[in-house]
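# Survey of secondary and tertiary structure
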Amino acid sequence: MGCLFSKTNSDKMDLEDNEEQEFSWDKRKKVDPNDFIIDKLVGETTVRLPGTADGQQFMIMNCKDSSIYIYNHLNTITIDKCTNCKIFLGPTKGSVFLRDCENCQCVIACQQFRTRDCKKIDTFLHCDTQPIIESSVKMRFGCFQYYYKQLAGQFRGAGISPFNTNWSNIHDFTPVPEEENWSLLPQNAKAEDYVPLPTTDEVKEMNLSLEISKSVVPLSIGNKNKPGSEECLVALFWCDGIDEIVLEFLNKARDGGFNLIQTKEVKIQPSEVPNLFGQNPKYEDASKRGDIIGIEFCGESTVQNVRKLVDEFSGRAVIFVSNSPEDGATDVEKFFNFADIQMAV
């Protein structure tokens, strides 16, 4: 007869199983919030490589005369009390908020952009929504230009389309009568002259580039710089490889001297297609596959020249293009008004 308090083999196995059991939450990597704070840098350069801060909230504060490069897609980021700094931020899913900063140069891609109590900030910006400045002066903006091999994936990881260009559509929350608190950077401004690429060995394998032809975001000149009055709308409907097709199309357009004003990516229901593109079953069917990327060109003989370029790509995607200069302005207004309303919902 065994002892009343002795353990059977089965009991011992159950005990061992319980001791060795590991839960999924035990396996998660513990995150230290201090790893995502950059504070009190003076005269230094710091680089956060891809994959080291993806999806995190980040803070940069009290930095001076420093260069800061965060090559990750982020959740939100605040930049407080920084002076004479050069800052690159990877695609940010939420907001980028600058407060009490002065004389900084930035390259930023984000869902929302806002400044308060800032002075002399130059920003090469990509923003899904309308950027807002508040109690800020001498602010200048240009179009985001950048490339590294992980950047396109980071845009999608952050839920940001590289084709939603609002960088020049600034809302000044505290305007001053007869004064401009913001302006656009010169059209020939280059990001490398404001935020040079880092030269540390750790970034060599990223294939960093500021060449316009490589940029994940197409270079646009913005609504305030329209040359001439003839406008043309091009809309490319989703298909496999659409991002690469659009960028190739826009590079050829730039090489041809076309003036790219703005782009937008938006979902359009088949029932809404006729109002924007006319009655055409081809467009209605194509709209069911995914988003549509609209492009505005402007300049002399724009419609005629753009239509010739579209012919070169007609076998690779379903493409709408304005029929005439008379139609162009109406097409542009209808599409981009629709896109702005959809994005505000």
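This is a predicted model, so every value here is computed, not measured.

Procedures and definitions
For every chain, the first residue of the written sequence is number 1, and numbering continues from 1 along that sequence. Since the coordinates come from a predicted model, pLDDT governs what is reported: local features require at least 70, and pairs of side-chain atoms require 80 or more to be given and counted, while whole-chain, interface and lining totals use all residues. Values reported for side chains reflect all heavy atoms of the structure, with hydrogen atoms and water molecules removed beforehand. Strand pairing follows a simple DSSP-based rule, namely that at least 2 bridges must link the two strands. Helix numbers and strand numbers start at the N terminus; a helix is a DSSP run of H or I with at least 4 residues, a strand a run of E with at least 2. Axis definition: a line fitted to C-alpha atoms, over the contacting stretch in the case of helices. Angles run 0 to 180 degrees between N-to-C directions. Whether two residues touch is decided by their heavy atoms; if any such pair falls within 4.5 Å, the residues are in contact. How far a helix is expected to stretch is found by multiplying one less than its residue total by 1.5 Å. Exposure classes here rest on a 1.4 Å probe applied to the protein chains alone. A residue is buried below 20% of its type maximum, exposed above 50%, and partly exposed in between. Here a cavity means grid points, on a 1 Å grid over the protein atoms only, where a 1.4 Å probe fits yet cannot get out; a pocket means an open set of points with protein on both sides within 12 Å along at least five of seven lines; lining residues are those with an atom within 4 Å of a point. Grid points are joined across faces, edges and corners, and a volume is the space filled by probe spheres set on the points.

### Some points on the sheet that holds strand β16 (residues 319-321)
Whether parallel or antiparallel, the strands of a sheet pair through hydrogen bonds between backbone atoms. Strands sit in the order β14-β15-β13-β16 across an open sheet of 4 strands; the sheet is antiparallel. Looking at strand neighbours, the two that pair on one side only are β14 (260-266) and β16, the edges of this open sheet. Across the sheet, the mean angle separating the axes of adjacent strands is 15° when strand polarity is ignored. Bridge count for β14 against strand β15 (residues 292-298) is 6 bridges, and the pairing is antiparallel. Its bridge partner being in β15, Leu260 is matched across the sheet by Phe297. Sheet contacts for helix α4 (residues 242-255): β13 (231-237), β14 and β15; angle to β15, the most-contacted strand, approximately 5°. Strands in contact with helix α7 (residues 302-313) are β13, β15 and β16; relative to β13, the strand with the most contacts, it is inclined by about 20°.

### Considering α4
With 14 residues, α4 should cover 20 Å at 1.5 Å per step; its first-to-last C-alpha distance of 20 Å lies within 8% of that length. Listing the buried residues of α4 in full gives Ile242, Ile245, Val246, Phe249, Leu250, Asn251 and Ala253. Buried positions along α4 lie against β13, β14, β15 and α7. Just downstream of α4, Gly257 is the residue with a positive phi angle, here 85°.

### Section: the layout of surface pockets
By volume, the largest pocket amounts to about 530 Å³. In terms of lining residues, the largest pocket is bounded by 35 residues, among which Gln187, Ile212, Leu219, Ser220 and Ile221 are the most central. Elements with a minimum of two residues in the lining of the largest pocket: β10 (137-143) and α4. No other element matches the 5 residues that α4 contributes to the lining of the largest pocket. Of the pockets and cavities examined, the second largest pocket occupies roughly 270 Å³. Along the wall of the second largest pocket there are 15 residues; nearest its centre are Ala152, Val216, Asp243, Glu244 and Leu247. Secondary-structure elements contributing two or more residues to the lining of the second largest pocket are α3 (151-157) and α4. The element contributing the most residues to the lining of the second largest pocket is α4, with 4 residues.

Geometry only, nothing functional implied.
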